[in-house]
Every structure is written in C-alpha cells, then in structure tokens.
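Coordinate inspection notes
One letter stands for each residue in the lines below.
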Amino acid sequence: LKMSWLWFYLPLHLLMAACLCHSIKAPTSSSQQSFKSDLFNFYHSLILANGKETTVHLLKDIPKRYYFVLEEGRALAPFTITVTPCDVPIEWSILVHKASASFLGKAAQGDHNTQEVSKSQKATSMVSPIFNYKGNSVETYMGMSSHSALYMLEFLSTERDTHITVYLTTDTTSGHLYPELPLDPRLDVIGIGHTTVTLTWKHSPSVLQNKENIQYCLLVNEKHNYKSLCAAETAIRSSGIKLPPTLALSLSPYLLEPQQVMILSNSELSIINKASSGEVRQICTGTKNTYTVPSLSPSTQYYFDVFVVNLLTNASAAYTGTFARTLEEPEPKVMELKDGKVIQVVLDGRKQKIYSLQYQARHKKVQFTFQLCRGQVRVHITKNGKTVASENILGLRYLSLKGKLLDTYLVQLRSTEEPNSSVKVQVSSHFNKPLFPLLPESLKIKSFSKLRTCNSVTIAWLGTQEQSKYCVYKKRIEEDQVWMELRSTDRCSRPESRHKSEKVLCKYFYDINLQRAVTTETIKGLDAGTLYMFDVYLIGPSGIPVRYHSKVVKTRKKC
C-alpha cells in the first residue's frame, strides 16, 4: 500500500503515548492532563480489540488504519490476525514500529515537544512492513510480537465502498473463535442427477469436539462460489433480499422475510431466498457431512459452498467450494390423446417432470378442457411446434383453438409446487357434446352470518340455465385441520367417494334468467360452537361432477 512514512511516524508516537498514558503519573499542569485525555480518547477508537471480531467499513480509495500493542510484562507472544473481505477484493498490510527503551521512556514521561519527539523517534525507531495481501479470500497472518513493538494494520478498497471483519488474538490456549477446517477442505461431488446433486466433505475437527454448538450450512446458487459466509450474505442483500442475522441463526421462521421460503424436513433447515436475479438456497444439515441437494433444474450449473458455523459466536469457516451441472432432462414420453376421452394426469412437483400429450386434429376447430384436481398446474400448448397457449390452470378451463386438418397439438403439463398435483384433460372436436357441465359465473359458496344458529347454517350458491343436479355434503373438522383439509382436497373426486354420513341432500334446479339462478339451503342438526366444511357438487348430463370451493363455517356457541 502506498503511504507516507512521515505521516506514519507522528501517529505512532502519539498512539504509543496514549497507550501508555494510563500508567503515567498525573502531571502538574491541568492543560497537559486535558491534552493527554483528548489524545487518548481520539486514538482509542483506532486500537484493534484483542480476542474480538471487529467489523471495519471502508470507503473507496480511503485507507483505514488500526493499531495494537501487547500487554505489559510479556517479552514475546504469538498472535494471529484474520481478515475476511465481505464483498470486493481489498488490499491490506501489517507494519511494525519497533522502538528502543529510551524512546519508550520518553513517551512514558509525557514528553510532547514536537521537534524533540520527531528527532528522537527517527533516531530510535524503525518502521517496516511485514505482510501485505490483495484479494477477496479469507487470510490469516501468524507471527510473534514483543512488548516494545507497535503494529499497524492498513486496509484499502479500490473498487467500491465495502466492509470487512478483522480478528486479532494473542491467546492461543483457550481455543479458536473460528471453527477448524480439516486438512483437506474440498467438497466432493459423489452423485449427479437430473434434479439432484450429492455432496460430501471431511468432518471439521470442531464438529468432532463439540457437536452441540457446531453445524454445517450449505449454500447453493447459480452464479459463483463464495469464499466466506460474510461475502455470501452481502451478495444476497445487494440483490434486494434481507437476510436473518446469520445463517447459523436462521432457525426461527419469525426471522424470515416475505421473499424467503423455509422448508424443514428430516431435521434439516432449508431457506430459499427468491430474487429477480435468481435463487440462493441455504441448507443447514446439522453435523451430517453428506447431503443430496433436491429440487434443482435439469441441465443447469450450480455452485456449492459449505460453511462450518459456531452457533455460540456466529463465527464461520468456509470449505473450498465446488460446482456441478445437473443432467439434461430426458425426452418425455408422449401420450396420445383420443377425441372426447377424459384422462387424469398426476404430476410429481418434487421431480419437476413435464408430461406430454399429443393430439392430431380431425377438424379445423378443437377444444381442450382442463379441470384442476389438486395443487397447481401449468399448461403449455404448441401447434406444429409453435406456442398457441401457456397459462396456469385454475378450476375448470376451456381453450378453443383454430387450425387445419391434421394439425399436431402437443400439450405439456407440469406441477408448479412441491407436492403432487393432478389435472383432468379432454380434447374434443364436437363442441355440441360437452362432457363437463355448464358452469355458473362463480363456484364460491356463500354463508349468511345472521342466519347462523347453534345448530344450523344457511348457505347459497349460483346455478346455471341448464337443468343440473346439486349435491350438498358436510364434514366436521377441527380448527387446526382447516388448512390441511382445504389444501389436500381433490376437486375432481366424485361425491360417491364421500362417507354416507356426510351427505346432506341432492336437488335439481335451473333458471333461464341467470340473475335468479341462485339457490339456498339450511343445514340443520349441527353441534353448537363447531366447525363444519360444506361442499356442493354440480353434476351435469354427462355425469362428470364439478366441485364448488369448500366453505368452512362455525356454528354459534351460544344462542
């Protein structure tokens, strides 16, 4: 680092005086006492703490300096300095100022004559650099220090404003702040699939010694490897995501931000940070040193980093990262669609497979019908290789397309969420013979709070202009079961699959005037203060049912 040695001399002398002033007898002059106090307070903020990790903020092209001296009474002592860049590469160096005993004596006596100090300092002291480094890796310097030496650390960022962490210690007997890495800190890729990569790494000695407070955390992304956990968190924050205080403390869902998704399974914590620039996945595996990363995209290169984290101090050490490319997705098997036939497809969201259906048109106009049964499904339709439709399926969806005779349509379906999804599909060129019933404007069930009693509930739903059959079912549920019941509901199931005790009634109705095509029903014989889930099934002429959205209502506790 470029620096002015003349500038260096003056602060070193004043700082040495400041560091020793606590052992100096009180001067007779009050002005001298004030000067020493101000001097000590000013330079105290530049003294590097021993045994504590210090965060240093750097402004672009402006060097920042920190100092440290040994405790009195120790002739020689080992010390280590660890610097962790949290973003861009930095330059840093260590310089030592060795002073003679006569100079220390003058400093201790509080001699502040500027000219005399400067001459004495030049004559009896020597400043020399002992270490310098440039880069963004975590770097540790180990050395021996004497009580007559004053050290200066200088840091510089030439790219942009950034921050680093610095750890100084002279205590080599009470253990390490940072977890230890094994002699071979590399990650090994032992398995690659279409959507998975299996990694293994050698155990950290710290994990073997203290399993309760040490754990491994894995970071997965599509950009590059990170040389420290500090650098990884900085990169994620710069993409617009707020992180929990540290990866090691990401054990509570209350720390998650709206852009994060937490997945907890088999005692492993996975936090997915979603950003416009991609996805960064953090997985804490406890003390397991082999892990299979799931739910990756086929034919994609991923970068993997493992950090061993001390849960008590939040300090971490990084293994040497690696990368791997998932296998290409094999060509999906294509199933032929037959005109007018309804099929149900079950999609595995965990494997992210695409299911393909093919249909050759027998008429110029064709109609595809999709009925979502469970989960979330996206459909993509091409005609002779060109995209004609692509959307998420909600409820019952009709897609009418025009073309030529013998046009080839390819329908691709995939689940957009982890659990299994399913959908019914039909293609037909006979528009006048629909298998699915005519649907009302809304499939919502409405309940009337004012008509709710301790043993009855009144509900209403919309009908159509077509004479159809409507069957009402009820099911008693607990409050903690509501979310699971609604999520796991198969909207394509037939009412016959329900328990007989859940059936309330079936009735027919229609109205030519859609504004009057509304019906109500009061369900009696219910228990007070109890939650019930009500379902209505619409069954058209073909017998294929469509289930309305379930409605959960609680009867009054007191009447």
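A brief structural summary. (Residues numbered from 1 in each chain as written. Predicted model: local features only at pLDDT ≥ 70, side-chain atom pairs only at ≥ 80, totals over all residues. Heavy atoms only, no water.)

Further remarks concern the sheet that holds strand β19 (residues 334–336). Across the sheet, which stays open at both edges, the 5 strands sit in the order β19-β21-β26-β23-β24 with mixed pairing between neighbours. Every other strand in the sheet has two partners, leaving β19 and β24 (386–393) as the edge strands with one partner each. The sheet shows a mean angle of 25° between the axes of neighbouring strands, taken without regard to direction. Pairing of strand β23 (residues 377–383) with strand β26 (residues 408–415), which is carried by 7 bridges, proceeds in the antiparallel orientation. When the sheet's bridge partners are listed, T382 is paired in β26 with L410. (Pairing = 2+ DSSP bridges. Helix = DSSP H or I, 4+ residues; strand = E, 2+ residues; numbered from the N terminus. Axes fitted to C-alpha atoms, helices over the stretch in contact; angles between N-to-C directions.)

For the rest of this paragraph, the subject is the nonpolar core. In this structure, F368, F370, I381 and L413 are the most contacted members of the largest nonpolar core, which totals 24 residues. With near-sequence residues (within four places) excluded, F370 lies in contact with V379, I381, I393, G395, L396, R397, L399, V411, L413, V423, K424 and V425. Counting residues in hydrophobic clusters, the runner-up holds 22 residues, among them F68, I81, V83 and I90. (Core = buried A, V, L, I, M, F, W, Y, C linked by side-chain atoms within 4.5 Å. Buried < 20%, exposed > 50% of the residue type's maximum accessible area, 1.4 Å probe, protein only. Contact = heavy atoms within 4.5 Å.)

This next bit is on the sheet that holds strand β20 (residues 342–347). Spatially, the 4 strands line up as an open sheet ordered β20-β27-β22-β25, and their pairing is antiparallel. The open sheet has two edge strands with one neighbour each: β20 and β25 (396–402). Direction aside, the axes of adjacent strands within the sheet are offset by 20° on average. Relative to strand β27 (residues 421–428), strand β22 (residues 365–374) is paired through 7 bridges, and the arrangement is antiparallel. Paired with Q367 across the bridge in β27 is S428.

Looking now at the packing of aromatic side chains. Per the stated rule, a full pass over the model turns up 19 aromatic pairs. Seen from their ring centres, F79 and Y141 are 6.0 Å apart, and the 50° between their planes marks the pair as tilted. On the criterion of sequence distance, the pair formed by F79 in strand β3 (residues 76–85) and Y141 in strand β6 (residues 139–146) is long-range, its members being 62 residues apart. Relative accessible area serves as the criterion here: at 1%, F79 is assigned to the buried category. Cluster of aromatic residues (ring-pair linked, three or more members): F68, F79, W92, F131, Y141, Y151 and F155. (Phe/Tyr/Trp six-rings, centres within 6.5 Å; stacked < 30°, edge-to-face > 60°.)

For the rest of this paragraph, the subject is the pairing of strand β15 (residues 290–293). Side chains Y291 and V293 of β15 all project onto a buried face; the interleaved residues T290 and T292 project onto a face where none is buried. Inspection of the sheet shows strand β10 (residues 197–201) paired to β15 by 4 bridges, in the antiparallel sense. Directly across from V197, in β15, lies its bridge partner V293.

What follows concerns the pattern of salt bridges. Should the charged atoms of two oppositely charged side chains come close, the side chains can pair. In total, this model carries 15 salt bridges according to the counting rule given. Here E485 ties to K475 by a salt bridge, and the two come within 3.1 Å at their closest N and O atoms. You can see E485 sitting in helix α7 (residues 482–488) and its partner K475 sitting in strand β30 (residues 468–477), a full 10 residues away along the chain. Overall, E485 belongs to the buried group, its relative accessible area being 18%. A salt bridge links R547 to D535; the nearest nitrogen and oxygen atoms lie 2.9 Å apart. Note that R547 is positioned in strand β34 (residues 545–547) and D535 in strand β33 (residues 531–539), a separation of 12 residues in sequence. You'll find R547 and D535 in the same group, each marked buried. (Salt bridge = Lys/Arg side-chain N within 4 Å of Asp/Glu carboxyl O.)

Among the surface-exposed residues, V189, I192 and L327 lie close enough to one another that they form a single nonpolar patch of about 210 Å² accessible area. Here L327 shows up in the loop between β18 (322–325) and β19. (Patch = residues over 30% accessible without salt bridge, like charges linked within 9 Å, V, L, I, M, F, W, Y side chains within 5 Å. Areas by Shrake-Rupley, 256 points an atom, 1.4 Å probe, with all protein chains shown as cover.)

On to the side chain of S157, then. By the secondary structure assignment, S157 is in the loop between β7 (149–156) and β8 (162–169). Within the structure, the side chain of S157 is placed 2.6 Å from the backbone oxygen of R160, a separation counted as a polar contact. Excluding its chain neighbours within four sequence positions, the residues that come into contact with S157 are L58, L59, K60, D61, V88, I90 and T162. (Polar contact = N/O pair within 3.5 Å; in protein donor to acceptor, adjacent residues only side chain to side chain.)

Let us now look at the environment of V552. Of note, V552 is situated in strand β35 (residues 551–554). Sequence separation between V552 and R476 is 76 residues, and the spatial gap between their C-alpha atoms is 9.5 Å. Ignoring any residue separated from it by four or fewer positions in sequence, one finds V552 in contact with I477, V482, L486, L531, Y532 and M533.

With a phi close to 55°, S299 is a non-glycine residue in the positive phi region. The residue S299 is located in the loop between β15 and β16 (301–310) in this model. For S299, a relative accessible area of 27% puts it in the partly exposed group. Of note in the backbone geometry, L406 takes a positive phi value of approximately 70° without being a glycine. With a relative accessible area of 57%, L406 lands in the exposed category.

Another point: the state of the cysteines. If you walk through the whole model with that rule in mind, you get 5 disulfides. Shown here is the disulfide that connects C373 with C492, its sulfur atoms set 1.8 Å apart. With the S-S dihedral at roughly -85°, the linkage between C373 and C492 falls on the left-handed side. Of the two residues, C373 sits in strand β22 while C492 sits in the loop between α7 and β31 (503–509), which places them 119 residues apart along the sequence. Residue classification places C373 among the buried residues on the basis of a relative accessible area of 0%. Here C454 is linked by a disulfide to C559, with a sulfur-sulfur distance of 1.8 Å. Disulfide C454 to C559: torsion about the S-S bond roughly 120°, handedness right-handed. A residue pair is termed long-range when its members are at least 10 positions apart, and C454 in the loop between β28 (446–447) and β29 (457–462) and C559 in the segment after β35 qualify at 105 residues. (Disulfide = S-S within 2.5 Å.)

Let's shift gears to the side chain of T285. Within the secondary structure layout, T285 lies in strand β14 (residues 278–286). For T285, a relative accessible area of 5% corresponds to the buried category. Engagement of the side chain of T285 in a polar contact is seen with the backbone oxygen of K288, the distance being 3.2 Å.

Here the focus is the environment of R494. Structurally, R494 is set in the loop between α7 and β31. R494 sits in the partly exposed class, given a relative accessible area of 38%. Residues R494 and P545, spaced 51 residues apart in sequence, show a C-alpha to C-alpha distance of 6.3 Å. A polar contact is formed between the side chain of R494 and the backbone oxygen of G543, at a distance of 3.0 Å.

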